[in-house]
Amino acid sequence: MMTYTSFHISSLLDKMNSHDKDYRFMATNDLMMELQKDSIKLDDESEKKVIKMLLKLLEDKNGEVQNLAVRCLGPLVSKVKEHQIETIVDTLCSNMISDKEQLRDISSIGLKTVITELPQSNVTMLANICKKITNRLTSAISKQTDVSVQLEALDILGDLLNRHGSLLNTFHAQIKDALLPLLKNGRMAVRKRANTAIGHLVISCNNTIFSELVRHLVDELSFSEGDNDSLTRTRRTYVQCICSITSQAGHRVGKFLEELMPLVTKFCSQDEVDDELREHCIHTFELFIRRCPMEVTSYIDAIIQMCLDYITYDPNYNYDDGDMYEDEVDDEDEEDYSDDDDMSWKVRRASAKCLEAIVSTRPELLVQLYQSVSLPMVARFKEREESVKADIFNAFIALVKHTRTVILATSSGTNVVVSSTEQAMETEDSALSLLAVQVPEIVKSIHKHLVEKSVKTRHCCFSLLTQLVLTMPGCLSEHLGALMPGIEYSLVANRNNSSNMKIDTLNFIHILLTNHDAEVIHPYVQTLSPLVVTCVKDPFYKITSDALLVMQDLVKVICVDSATFDVEKLMQTLYFATLHRLKTSDIDQEVKERAITCMGQIISSAGHHLTAEVPTTLELFLDRLKNEITRLTAVKSLHMVAMSRRVSLAPILPGAMPVLANFLRKNQRSLKISTLRCLDSIFSNFASDITAEMMISVVEEIPQLINETDLHITQLAMQLLSLMMKLPIASSIKGILNDILPNVYQIVRSPLLHGGALNAVLEFFRVLVTCSETKRLRSEESIVSFRDVLRSLIEPIYPQRGASKQRSGSTQNSSNLHKQAFHSTAKCISALVIACPSERDLIVRQFMMDVDNHKSTDAIRTFSLLALGEIGQNIDLSSYQNLAQVIMGAFSAPNEEVKSAASFSLGRISIGNLQHYLPGMVRQIQSQSKSQYLLLHSLKETISFSPPEALEPYMADIWKLLFQYAESSEEGTRNVVAECLGKLTLIHPEQLLLKLQSFLSSESALVRATVVTAVKFTITDQPLAIDPLLKSHFGEFLNLLEDSDLNVRRVTLTLLNSAAHNKSALIRDMLSEVLPKLYSETRIRKELIREVMMGPFRHTVDDGLDVRKAAFECMYTLLESSVTQLDIFEFLTYVENGLKDSYDIKMLTFLMLVRLANLCPTAVLQHVDRLIEPLRATCSVKPKADSVKQEFEKQNELKRSALRVAHSLLAIPEADKSPAMSEFLAQVRSSSELSAMFDNVQKDTSSMTSPVAMEAMDTS
């Protein structure tokens, strides 16, 4: 193979020497094709010949041959040896300083190509080649007088630094010394490229060189001697250089801001400064705001004031507020006015962009921004330059959008509806109220812009209006009259309306209709409808699709009882417009789906107004149902129609039911879910139209849907089955039911069954037994007997008998059953007993015997106790005299599961008759010290699930009892007591929360800890009556973060964590006071570390570890719920400390860093160098040879977590340019173990975000 390749290459090289340019061209082209093959391998002689020929062809007289030769260099450098690449680089660098311009140009392109294609795998070779290139380039930059050579060298050097800057650390000082003098070069192009190169240099240079560079800029900017033009040019260049540095390495600029800000501010505010320098200064402010957020904070107010001053800076134009809009609309000359020498628009644009940066990054300033910035920006909507006007609009849109983002973030975990501003936090509520007051002024400023010819301006107006409505639904209710002419103007057919303009307008109408009351829209329906109908007929698919979406919203608005116009006539118009699109087959898929959905909305909302057209429409639905492309949308639309009950689906049911049943076999989850919902609505609302054949076709598909792999589909299938069994024709499915029941019994035994799926199974058994009993009482053949169902359910738990085993074919026994299966089966038994009261006595007595029989297996006793508890919760069992004694007898069982089940059972049966059982339970708690813990658990069950009004008479006694054990030495007992206290407090919060609070001053640390833990159990993720009261007193409980007792501080941190996770509004107002206390608990306290002797060994015990762990867990939760209120830089400092702590805390801090890298990349980038060192230390640890297996596993998990952090950091732009990061990655790649781990981390991360991974989550 090598011989043939050498021969072929040799023949091509001969042709490349031809005098015929076409021969040379074809041969070079063939060589390029060969080099692009992965399989090609060149021997040393061939490499030498090919390189020599290609370098020769760079000087070819034919330009096309030259271009091909350059293109060959790319694939060639990855296939030749290092010394050959050096030959290429030397030649190209020499050619770059040639007298021949064409050779210089082609060699520059060749050098860029080589740099781009250098093999990344061999780091040593890559570094050597880059250093060789750099040496030649810096020499060319410093010594060349030819500007064109300098420009090319600067361009290539910038590219080299950008790609491989970290490999050139030994040349960074030399590069800096070569570049800085060029900032004073007379040619603007040289200065610009030098700036760009410096920007790439500062990403990877060390701190010393970076400091020297910035000091040089500060010294030069402070220099004020020389003529004005020269000074202005120099200052402009150096300010641009600051921009370049900040843009590329803003995280390193922060420490120099105290020196840079006064200089830039001075140049910006001087009257004699030219506009371009002022623009650069304001752009520098913008970059400081975005890249140095912490350090720039003290300068924000001054920057805002300067931006507000210069956003109105227009010395060459006099705005006439009264006639401005009319002039702009009517007078084309005025609209197009622009002075070529006027650069003031750049200053105004830079100011707008700077304000946008502030409003986008400073949520804490929202109120201040609305007070001082928003109205001046609104006043500047009259800006004459269109591009500047767009930026002003964008800044204001960013303000409104950020307001919405902050409110959404702060309302998470508080169950606050965004539109309910009275429930929002004070800051956001103030921002919203200020914005609401400004809405009339905003509408007044933009409504005339909506009828301008400028498409860009109108796009900005609609974007702003859209964000306003999304942030404050209903805010335009009083302004629709002013906006309607603009909406109409943007939808009519004229040359000023592009397709994008219509799409923007339709999107706004959609948001408007869905966020305003129908009554508000009614006066404008007659205006909107013809416009939307016209758009539905538009030939461009995107306009048609969006118009159909708007039409759906219109239908919902029109079809309300309060409508005062002719609904029927209007619906006829909308119907026929939609029908035309629905009938068209050769249209875009999106339009097809929107047409089906829109027609579904029309028929479901106004079918009674369209009785003549309904049959045709239903046939069309049936046709679309049979089409694989449109079937999912058709199913959803049929579900909508069936739910409305406005029209009968009887005409199409014979054709539709077999098709829907067939969909249940398909391997498309979303289709199955939508079909099950559609069938549910059909069986609910059109039961009389369904035949036995239709039902059988559906029921036959049910068995395969009932399994634990998809509990959501199982739930929907069970609900549909329960519904069908209630119908008169249910007897026809008796045979098929025998195929379904084994699957149901199997799902009951699944450890995953819970929630909605479990409730659906319970409902199925209730319906099954109820229907069977009803038929038995009528002397009809029952579907299935109670005893058969009972036997099948308990079969895995009770010893197998030959007959039953043969009947079910089951081989599962109680030893294989998960704990959850016992609970699920017990609930099913309870459902059977409730549905069939006649069997209750026999079953209860049998379970009592099984519990009391010491020969019963532990599984039988556990199950019997659980079943008794489930039955007793719903049925009064006080008539069974010895029941409580039998259950309490199980407290002495040797098996812990039996004891736990007995405790559960006693608590649950008490709910059925509190008067009979609860007083006795309280007495037993006081007298039975041995069973006290189990009895308290029983009391917890009773309190948790009893109706509050039923517990009322016993609350005082229970409260008193619980505080007797609040000081128990057993932590488990105290935790149960705390949970009981918390549950009781939820019943009477006004009285009991204050009682709890009074115990905070108890002398006993155990009582204080119990009280704090009790408050934790009053916090849930659902809104409760206690919430306002709890919020007003929550600070008192959090004051225990400063308690002298370690355990009290730990449980208080747990309380804070629970509040942050479930109801962050409880703590948001007090975070500024709480955070210092929280951070103080993250410190390692040497006084809490002690040594204990374990035989001959010393063992270190850290008593403060649990408190620190609780503190870091709380910090992690705050990142999820309250990140906008954290000082991320301070937060990161404590995270860095955690990276040096014990295993558990390291794992938490790694998780926090992954989240921080996603949420606050700019802040993390500023700390990236400090973060890398702990990661490197973690990955460098090697367990001792005699370490146990667990120690090896812990170290490997730490390394994997550290590499996950590194992967997240690399996702931040520019993080990979950090020298520390580059060194760390090199260390990882040099270790086969770490490299394999890192590859797996990258694969895991990419698979988690892939579309395939998301498919399983689809419930649409």
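Summary of the structure given here. (Residues numbered from 1 in each chain as written. Predicted model: local features only at pLDDT ≥ 70, side-chain atom pairs only at ≥ 80, totals over all residues. Heavy atoms only, no water.)

From N to C terminus, the protein chain includes 65 helices and two strands. Over its C-alpha atoms, taken along the principal directions, the protein chain stretches across nearly 110 × 95 × 80 Å. Here the protein chain holds 1260 residues, and the buried ones make up 54% of them. Of the roughly 54800 Å² of accessible surface on the protein chain, a fraction of 49% belongs to carbon and sulfur atoms. A distance of 7 Å separates the average location of the 131 positive side-chain charges in the protein chain from that of its 160 negative side-chain charges. (Helix = DSSP H or I, 4+ residues; strand = E, 2+ residues; numbered from the N terminus. Buried < 20%, exposed > 50% of the residue type's maximum accessible area, 1.4 Å probe, protein only. Areas by Shrake-Rupley, 256 points an atom, 1.4 Å probe, with all protein chains shown as cover. Lys, Arg positive; Asp, Glu negative; His and termini not counted. Charge placed at Lys NZ, Arg CZ, Asp CG, Glu CD.)

Moving on: the nonpolar core. The tendency in soluble globular proteins is for nonpolar side chains to be buried side by side. With 437 residues, the main nonpolar core has L476, F683, F765, I829 and I1067 as its most contacted residues. Top element by residues in this core is helix 21 (residues 386–411). It accounts for twelve residues. Residues within four places of F765 in sequence aside, it is in contact with V744, Y745, V748, V789, L793, C828 and L832. (Core = buried A, V, L, I, M, F, W, Y, C linked by side-chain atoms within 4.5 Å. Contact = heavy atoms within 4.5 Å.)

Here the focus is the packing of aromatic side chains. One pass over the full model with this rule turns up 15 aromatic pairs. With 5.3 Å between their ring centres and 80° between their planes, F540 and Y541 make a pair best called edge-to-face. By relative accessible area, F540 is classed as partly exposed at 31%. Centre to centre, the rings of Y1079 and F1131 are 6.4 Å apart; their planes meet at 75°, and the pair counts as edge-to-face. Of the two residues, Y1079 is situated in helix 56 (residues 1071–1080) and F1131 in helix 58 (residues 1128–1138); the sequence distance between them amounts to 52 residues. Each member of the pair, Y1079 as well as F1131, is classed as buried. Here a set of aromatic residues connected by ring pairs shows up, and it is made of F381, F393 and F396. (Phe/Tyr/Trp six-rings, centres within 6.5 Å; stacked < 30°, edge-to-face > 60°.)

When glycine is set aside, most residues are seen to have a negative phi, and most peptide bonds are trans. If you check the backbone angles, R645 has positive phi at about 60° while not being a glycine. Structurally, R645 can be placed in the loop between helix 32 (631–644) and helix 33 (653–663).

The contact between helix 33 and helix 35 (residues 692–699) brings their axes to 8 Å, and the two run at 15°. On the basis of their axis angle, the class for helix 33 and helix 35 is roughly parallel. Along this stretch, helix 33 crosses helix 35, giving a crossing that reads as left-handed. Facing L653, P654, M657 and A661 of helix 33, the residues of helix 35 in contact are M694, S697 and V698. The class makeup of the residues in the contact of helix 33 with helix 35 is six nonpolar, one polar and no charged. (Axes fitted to C-alpha atoms, helices over the stretch in contact; angles between N-to-C directions. Parallel < 35°, antiparallel > 145°, perpendicular 65-115°, else oblique. Left-handed = near helix turned anticlockwise from the far one by under 90°. Nonpolar A, V, L, I, M, F, W, Y, C, P; charged D, E, K, R; others polar.)

Its place among the elements puts K81 in the loop between helix 4 (63–77) and helix 5 (82–96). By relative accessible area, which is 38% here, K81 ends up partly exposed. Discounting chain neighbours no more than four positions away, the residues touching K81 are D44 and E47. At 3.4 Å, the side chain of K81 and the side chain of E47 are in polar contact. (Polar contact = N/O pair within 3.5 Å; in protein donor to acceptor, adjacent residues only side chain to side chain.)

We now examine the side chain of R348. Mapped onto the secondary structure, R348 falls in helix 18 (residues 344–361). At a separation of 3.1 Å, a polar atom in the side chain of R348 contacts the side chain of S344. Looking at R348, its side chain comes within polar contact range of the side chain of E383, at 2.7 Å. Every residue in contact with R348, bar those within four places of it in the chain, is listed here: Y310, I311, T312, Y313, D314, R380, E383, R384, E385 and V388.

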